[in-house]
Structures are given as C-alpha cells and as structure tokens.
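Fold and contact review
Each chain, letter by letter, is given below.
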Amino acid sequence: GQNIDQPTEMTATEGAIVQINCTYQTSGFNGLFWYQQHAGEAPTFLSYNVLDGLEEKGRFSSFLSRSKGYSYLLLKELQMKDSASYLCAVIWGGGKSTFGDGTTLTVKP
Amino acid sequence: EPEVTQTPSHQVTQMGQEVILRCVPISNHLYFYWYRQILGQKVEFLVSFYNNEISEKSEIFDDQFSVERPDGSNFTLKIRSTKLEDSAMYFCASKTTGDTQYFGPGTRLTVL
C-alpha cells in the first residue's frame, strides 16, 4: 500500500520547538512534501525533500530518510499563527501524489 | 505576487447534474493538478496535466471526470453526473518545472 502515517494532533508552547513525524510504506517516489493548511484554506508549500538529509528554510526544517521510511518537519520558535494542520505527501514522477491525514498542531501561549 | 484563482468559490448542485469547476493557473506555469478534500479528511490527488494531456490520474478520477485546458489561461474540471459523495473542496494547483505547487483557494462543491 501507500500508507502515510502522521500523529493526529500535537500541542506545543509558543517559542518552543516541535517535531512532526511522518512514516510511509511506499517506495520509488520522487520526493516528499510538507504543506501547511489552515482551517478552510488551501495547502501552502513548506518544503520538499528529494535526497536524504535535512532541508532548512528559516524556522522550518524537514528531514528525509528513505531507508527508514521516515520524514519529519521541525518548527522552531513557534508562533501562535503556526497553529494549523501539517500535511506530509509523497509525489511520483507523473505528478501523482499521496497525502497523509495531516497533523493538527495547536500552539498555546 | 501571481496567484492561482478558482471560480466559483462555492457551487451547489443537484445530484445527477453536470458541474464545471474553473481554475486560472499562474501564467507561466506548465503543470496543472486537481485535488479534492472531503470535509475533515485528507487531501486526495485527482489528476495531473501537462502539455495538453493527462499525465497521471487516480482511482477516483473515473469516467465521470474530465479535465480540459480550453485556452491559454483556464484549466477546468468537469463532473458529468454528480453524486452526493462528490461533495468536497476541490483545489487546483500549478507549477513550473520546479518542485513547488501553488494551490488555488478551492471551490466548495455541495451536491444535494
């Protein structure tokens, strides 16, 4: 199958660091995306990993290990506006993609 | 900053009716996508489109669905005979040759 698993919900404190994990049971994909989605809105792109390792973009970093079937999104210096759903998705060459159910992050003061 | 736009923002239709959801991708983009998201559920890939033809489609994208790029700016999704279970948010996305897909704001389709 092409299952992608993420925790359903997480809670963290403003200013803290949080790591959202994504595990998958698939292979042969081109890369792995992380998106942010606020309630009632469209997903917005956060990061894309093709090779194993860490990709850093400001407060957001994403890591991929193909051999372990694992990725994570790291959010630093959390802000209240980071409260949202975070979606992990893998994409294949023709553009087909499979999304996880998303992780709802609540940032508390 | 250029944006993907979608119309209408909300479409209500009767079961069995045809609907056309419209998208205007970012002007220099070459790859186009449709996704749907049933309320409270995950985003699901429907179809990818490049060079005026479908590149990939999912199991959801059956004979009731079709896509078209009728001119140089619009990208449409047609559902021929809507069912109750087609009620969802439909997102269009586009990209250049890079990795980042830009999503439109979505069309909420309600089938009664």
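Whatever comes next refers back to the structure up there.
As a starting point, this report considers the structure included with it. Every value quoted in this text rests on a predicted model; they were computed, and no experiment measured them.

1. Side note on the state of the cysteines
Under the defined criterion, the tally for this structure stands at two disulfides over all chains. Across the disulfide, A:Cys22 is cross-linked to A:Cys88 (sulfur-sulfur distance 2.0 Å). Here the S-S torsion is close to -65 degrees, and the disulfide linking A:Cys22 with A:Cys88 is therefore left-handed. Of the two residues, A:Cys22 is situated in strand β3 (residues 18–24) and A:Cys88 in strand β9 (residues 84–91); the sequence distance between them amounts to 66 residues. Between the sulfur atoms of B:Cys23 and its disulfide mate B:Cys92 the distance is 1.9 Å. On the S-S bond that ties B:Cys23 to B:Cys92, the torsion sits near -60 degrees, and the link is left-handed. Separated by 69 residues along the polypeptide, B:Cys23 in strand β3 (residues 19–24) and B:Cys92 in strand β9 (residues 88–95) bring together distant segments of the chain.

2. Side note on the packing of aromatic side chains
Residue and element names in this part refer to chain A. In total, this model carries 19 aromatic pairs over all chains according to the counting rule given. Seen in terms of ring centroids, Phe33 and Tyr35 are 5.4 Å apart; in terms of plane orientation they differ by 25 degrees. Their pairing is stacked. Both residues of the pair, Phe33 and Tyr35, belong to the buried class. The interplanar angle of 55 degrees and the centroid separation of 6.0 Å between the aromatic rings of Tyr70 and Tyr72 together place this pair among those described as tilted.

3. Some details on the pairing of β3(B)
Residue and element names in this part refer to chain B. Side chains Val19, Leu21 and Cys23 of β3 all project onto a buried face; the interleaved residues Ile20, Arg22 and Val24 project onto a face where none is buried. Taken together, the three bridges between strand β1 (residues 5–7) and β3 define a ladder with antiparallel strand orientation. Across the sheet, residue Thr5 finds its bridge partner in β3, namely Val24. Bridge count for β3 against strand β8 (residues 75–79) is five bridges, and the pairing is antiparallel.

Definitions and limits used
- Residues numbered from 1 in each chain as written.
- Chains lettered and ligands numbered in written order.
- Predicted model: local features only at pLDDT ≥ 70, side-chain atom pairs only at ≥ 80, totals over all residues.
- Heavy atoms only, no water.
- Disulfide = S-S within 2.5 Å.
- Helix = DSSP H or I, 4+ residues; strand = E, 2+ residues; numbered from the N terminus.
- Phe/Tyr/Trp six-rings, centres within 6.5 Å; stacked < 30°, edge-to-face > 60°.
- Buried < 20%, exposed > 50% of the residue type's maximum accessible area, 1.4 Å probe, protein only.
- Pairing = 2+ DSSP bridges.

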